[in-house]
Structure formats: structure tokens, C-alpha cells
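# Observations on chain architecture
What follows is the residue order along each chain.
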Amino acid sequence: MRDALLTRRRLLVGASALGLAACDSTRPQAGFLGAMERFNLRAQRALFDPERLAPEEPLSALTPPEHFPAYFISPEVPRAPASWALKVGGLVARPSVLTVEDLRRLPRADLRVRHHCVEGWSAVAAWHGVRVRDVAEAVGADPRAGYVEFRSFDLGYASSWDRPSAMHAQTLLAYGMNGEPLPAAHGAPLRLYSAVKLGYKMVKYLTEVNFLPEPTGGYWEDQGYEWFAGV
Ligand SMILES: Nc1nc2c(c(=O)[nH]1)N[C@H]1C(S)=C(S)[C@@H](COP(=O)(O)O)O[C@H]1N2
Ligand SMILES: [Mo]
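Along each chain, the written sequence defines residue order, and numbers are assigned to residues from 1. Just so you know, chain letters begin at A and ligand numbers begin at 1, following the order they were written in. Local features in a predicted model are, by the rule used here, given only for residues with pLDDT of at least 70; side-chain atom pairs are given and counted only at 80 or more, and totals for whole chains, interfaces and linings are based on all residues. To get the side-chain values, take all heavy atoms of the structure and skip hydrogens and water.

What follows is about the overall build of the chain. In terms of helices and strands, the chain carries five helices and twelve strands. When each of the 231 residues of the chain is scored for burial, the buried share is 46%. A contact between two residues is defined here by any heavy atoms of the two lying within 4.5 Å. Of the contacts formed within the chain by residues at least 6 apart in sequence, a portion of 71% connects residues at least 24 apart. Surface accessibility in these figures is a Shrake-Rupley result with a 1.4 Å probe; residues are shielded only by whichever protein chains are displayed. Of the roughly 12,000 Å² that the chain leaves accessible, carbon and sulfur atoms contribute 57%. Labels follow the DSSP assignment, with helices taken as runs of H or I lasting at least four residues and strands as runs of E lasting at least two, numbered in each case from the N terminus. Here's how the labels work: a residue is buried when its accessible area is under 20% of the maximum for its type, exposed when over 50%, partly exposed in between, all with a 1.4 Å probe on protein chains only.

Below you can see the structure in the form of C-alpha cells.
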């Protein structure tokens, strides 16, 4: 078991190194990169441990809220319409439309883990919400839905996740940050927050969560960023 894991880790490192070399090259190698991305994806999925919890950060590690960067692709901070509610659909027994009040009635979970953005910054906040796995149970998500798609009202920003990462105990639909309702700059009224993915997978300004049999793309994923993007 240990040997198998080490071998897989070595393969992953090798794949990343080759991937980087291919990126630096000026020769067109799209086909090769596609194959490497597929290889890297298989390796990352094999390495992902759905039971392993990321360490919580101490209170002293909290980033002063005014220094926590805020990203959105819209030219202005996206604002939810007064009629906002989350649609949960796809392969589910009970397609649902949920308000934040509905979500607050489900078991609450809190997380204080580091946020990693591919642009090179990281920051820490406390996040409050409901586990995606509890929402999946509430709507009766079909086991054949191996993927979960998250969509937003921020110019259609979206991302598609593998089900094990979405069902991880540290993957939340967050309605709160640092003990307050989620600020507009950070995705109000509801965003995805997780200890197991890079920043761009954590869709803010959520409108829809869909349980699907196939992966879909995403805003950055469609521009060549890694689809799995595990931390
Ligand atoms: N709707 C939406 N979600 C998004 C983004 C975005 O532009 N729009 N940016 C992503 C990126 S790249 C990061 S690092 C985090 C940033 O979250 P923050 O603004 O709370 O720091 O949100 C992610 N989710
Ligand atoms: Mo990011």
C-alpha cells in the first residue's frame, strides 16, 4: 500500500514537471498537453483521500478581513436580486429551491482553513455554512451523479467538481464569514468554500448546484486551468 502510494506520488511529480516543461515550450503541443492533463487528473483523483481532514488554522492566523483579497469577474461587485434562492437539481430525487433561511436550518459547519489562489496569494478566514454532503442528502442526490456543477450570477462564472471532493466534510455552501453574514465582495448570499480545492474552484454568488453524470467545464477550466485543482 505504502509502496503503491509512493509510486503514484512519484508519477504525479513527474507529470507536473513534464507539464511545466510543455508550458514553457513555444512549439504547439496541445495534443500532448491534453494527454498530460488527463494523466495528471487520474493521478490526482487516485491520490485524493475523502476522509483526510485539512488542518484548521489557529485564530492568530486569521487574515485581517480588510486584507483578504476579493475576486469577481464582473466589473462591479455582483449583487443578488431580492428574489434570490438557490436551485438544486440534476439527478436528484427532490429538485429544490432553497433560501439562505432554508440552508440555515440544516446542520451548521464552520471552517478556518487557508485559501490558496493560483495567482500566488493565500489568506485565512473563518467560514460558516452547510456541508454540500448534507444538501446532497436533503435533495436525494443520485449515486450515478459523479459530478457536481456550481453556477453563479457573476457573469456566468461556474465550476464543475468531482463528487468525492464536493462530499468532503470540509466542503461547504457558506453563508457566513468571520462571524458575519457573507459580505457581497466575498460571494453573498452564498458561496462554495472548501479545504480541498484551489480558490478558483470555490464558486461565489451561487445560483445553482447540479448533480450530474458527467463533468462540465468552468470559467478558468475552459481557459486551460486544471479541472481537478486539488490543494
Ligand atoms: N463567481 C465567482 N466566483 C469566484 C471567482 C469569481 O471571479 N467569480 N473567483 C475565484 C477565485 S480565482 C478565487 S481565488 C476566489 C476568491 O475568493 P474571495 O474573493 O473571497 O477571496 O473566488 C473564486 N470564485
Ligand atoms: Mo484565484
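Below, the discussion takes up the pairing of strand β7 (residues 147–152). Most of β7 sits out of view: five of its six residues are buried. Whether two strands pair depends on DSSP finding at least two bridges between them. The pairing of β7 with strand β8 (residues 158–162) spans five bridges and is classified as antiparallel. By the bridge assignment for β8, valine 148 is matched with tryptophan 161. In this structure, the hairpin formed by β7 and β8 is closed by a connection of five residues, where leucine 155 is found at a positive phi of approximately 50 degrees.

Our focus in this paragraph is the confidence of the model for the chain. You can read pLDDT as the predictor saying how much it trusts each residue, on a scale of 0 to 100. Across the chain, the average pLDDT comes to 89, with 86% of residues at or above 70. Here residues 1–30 is modelled with pLDDT under 50, and outside its nearest four sequence neighbours on either side it reaches 17 contacts, counting other chains as well.

All right, on to the nonpolar core then. Nonpolar side chains tend to gather and get buried jointly when the protein is soluble and globular. To define a nonpolar core, start from buried Ala, Val, Leu, Ile, Met, Phe, Trp, Tyr and Cys residues and group those joined through side-chain atoms within 4.5 Å. In this structure, Leu86, Val88, Phe150, Leu173, Leu190 and Phe211 are the most contacted members of the largest nonpolar core, which totals 36 residues. Sorting the residues of this core by element identifies β1 (86–90), α3 (100–104), α4 (132–139), β7, β9 (171–177) and β12 (206–212) as the ones contributing at least two each. Tallying contributions element by element places α4 first for this core, with four residues. In terms of nonpolar packing, the next biggest core, distinct from the first, is built from 17 residues, Phe68, Val113, Ala174 and Ala188 among them.

Time to look at the pattern of salt bridges. In what follows, salt bridge is the name for a side-chain nitrogen of Lys or Arg lying within 4 Å of a carboxyl oxygen of Asp or Glu. Tallying each qualifying case throughout the model produces seven salt bridges. Arginine 105 is the salt-bridge partner of aspartate 102, the closest N and O atoms lying 3.1 Å from each other. Accessibility expressed as a relative area gives 24% for aspartate 102, which makes it partly exposed. For arginine 105, a relative accessible area of 64% corresponds to the exposed category. The closest approach of N and O atoms between aspartate 142 and arginine 144, which form a salt bridge, is 2.8 Å. According to the relative accessible area criterion, aspartate 142 is buried, its value standing at 18%. What makes arginine 144 exposed here is its relative accessible area of 62%.

Turning our attention to the site of ligand 1. Residues in contact with ligand 1 amount to 20 residues; listed here are only the nearest, Pro69, Asp154, His186, Arg191 and Lys204. Here an oxygen atom of ligand 1 sits 2.7 Å away from a polar atom, N or O, in the side chain of arginine 191. Any pair of N or O atoms that falls within 3.5 Å is considered a polar contact. Within protein, one atom must be able to donate a hydrogen and the other to accept it, and sequence-neighbouring residues count only if both atoms are side-chain atoms. Between ligand 1 and methionine 202 there is a distance of 2.9 Å, counted from a nitrogen atom to a backbone nitrogen or oxygen. Coverage of ligand 1 by the protein chains reaches 97% of its 530 Å² of free accessible surface. Polar here means any residue outside two lists: the nonpolar Ala, Val, Leu, Ile, Met, Phe, Trp, Tyr, Cys and Pro, and the charged Asp, Glu, Lys and Arg; Gly therefore counts as polar. Per-class residue counts for the shell around ligand 1 are 13 nonpolar, four polar and three charged. Consider each residue's heavy atoms; a residue with any of them within 4 Å of a molecule or strand counts as near.

Attention shifts here to the sheet that holds β12. Spatial strand order, β2-β1-β12-β7-β8: five strands in an open sheet with mixed pairing. Two strands bound the open sheet, and with one partner strand each, they are β2 (96–98) and β8. Across the sheet, the axes of successive neighbouring strands diverge by a mean angle of 20 degrees, strand direction being ignored. As judged from the three bridges shared by β1 and β2, these two strands associate in the antiparallel manner. Within β2, the position partnered with lysine 87 by the bridge is valine 97. For helices, the fitted axis covers only the stretch in contact; all axes are lines through C-alpha atoms, and the angles between them, taken along N-to-C directions, range from 0 to 180 degrees.

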